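Summary of structural features
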Amino acid sequence: MKIHPLKDGNFSVDKNKNFTYLEDSENEKDLKIAIQPFLVETKDDLVMLDAGLGWLENGVPKIHLNIEKAGLKPENVKRVLLSHLHKDHIDGLVNKDGEHWSLNFPEAEVYLQKRELEFARSKDGNPSFDLKVLNFIIDNAKIVWMDLDKGNLTPEISYEVTGGHTPFHQVFWIKENNETAFYGADNLPQMGYLKYQIAFKTDFDGKKARDERMLWEKQAREEQWKILLYHDLELDIVTI
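Residues numbered from 1 in each chain as written. Predicted model: local features only at pLDDT ≥ 70, side-chain atom pairs only at ≥ 80, totals over all residues. Heavy atoms only, no water.

Time to look at the UniProt feature "domain: Metallo-beta-lactamase" (unreviewed entry) in the chain. According to UniProt, the "domain: Metallo-beta-lactamase" (unreviewed entry) feature falls on residues 34-231. Secondary structure across residues 34-231 comprises 26% helix and 27% strand; the distance between its end C-alpha atoms is 4 Å. (UniProt positions renumbered as here; feature names shortened; annotations may be inferred. Helix = DSSP H or I, 4+ residues; strand = E, 2+ residues; numbered from the N terminus.)

A few words on the packing of helix α3 (residues 114-121) against helix α4 (residues 131-140). Where α3 meets α4, the closest approach of the two axes is 11 Å, and the angle between their N-to-C directions is 145°. Viewed along their axes, α3 and α4 form a crossing whose handedness is left-handed. From α3, L117, A120 and R121 reach across to α4, where they touch L131, L134, N135 and I138. Class assignment for the residues of the contact of α3 with α4 results in five nonpolar, one polar and one charged. (Axes fitted to C-alpha atoms, helices over the stretch in contact; angles between N-to-C directions. Left-handed = near helix turned anticlockwise from the far one by under 90°. Contact = heavy atoms within 4.5 Å. Nonpolar A, V, L, I, M, F, W, Y, C, P; charged D, E, K, R; others polar.)

Another point: the layout of surface pockets. Approximately 680 Å³ is the volume found for the largest pocket. Every residue lining the largest pocket is counted, 30 residues in all, and those nearest its centre are K17, L31, H86, H165 and T202. For the lining of the largest pocket, the secondary-structure elements that each account for two or more residues are β4 (31-35) and α2 (87-90). Considering each element in turn, the lining of the largest pocket owes the most residues, three residues, to β4. (1 Å grid on protein atoms, 1.4 Å probe; cavity = no way out; pocket = protein on both sides within 12 Å on 5 of 7 lines; lining within 4 Å. Points joined across faces, edges and corners; volume = space filled by probe spheres on them.)

Here is the structure:
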């Protein structure tokens, strides 16, 4: 198994969920996070975990450039696994350059939790969501609907709906050759979330997210998981 971080960059995020590159930000009080999807390369699969912000560099999707830097081709991505539907996790599926939008991964299957979609659509006007992008994905991508609380997507990929950050937030495990990659998405986005066991008020259910992290930390130590950190400013993949 090879794991490739696809880092959009480090960002400052204001209360209206506007993202600015950290080096260009002037407000010290804004939230500071990385945006970092992951591409997991197994023997038979190429799996992307969330999709980033959808930013462009010289008219080219940044996520395409990052995949190519890893020596891979965007058109070979087979599956995109979505943890939840906040815009900084899904907008990288869509190229919004010009008047006519297109999918960045038109041949990939997009795995999406149906109950999370219902929640997202109830949040019209909430700046954490971009419903125009979300609806474009639903209308045009090859959606694989998920509606169970846990299960296997392939013999190597399993998932569980944990809630916590959002009501139907889900996490993923990818296992191959006695290696386990764990993606906790926004329930475990930074290493500091393990160092300080806090129930965050910004989560839908901060106590549940905290309790899940405590269980994952124990399992990760025992089984030597590779933990993938979507929002950590300095780290990407850690083993504890």
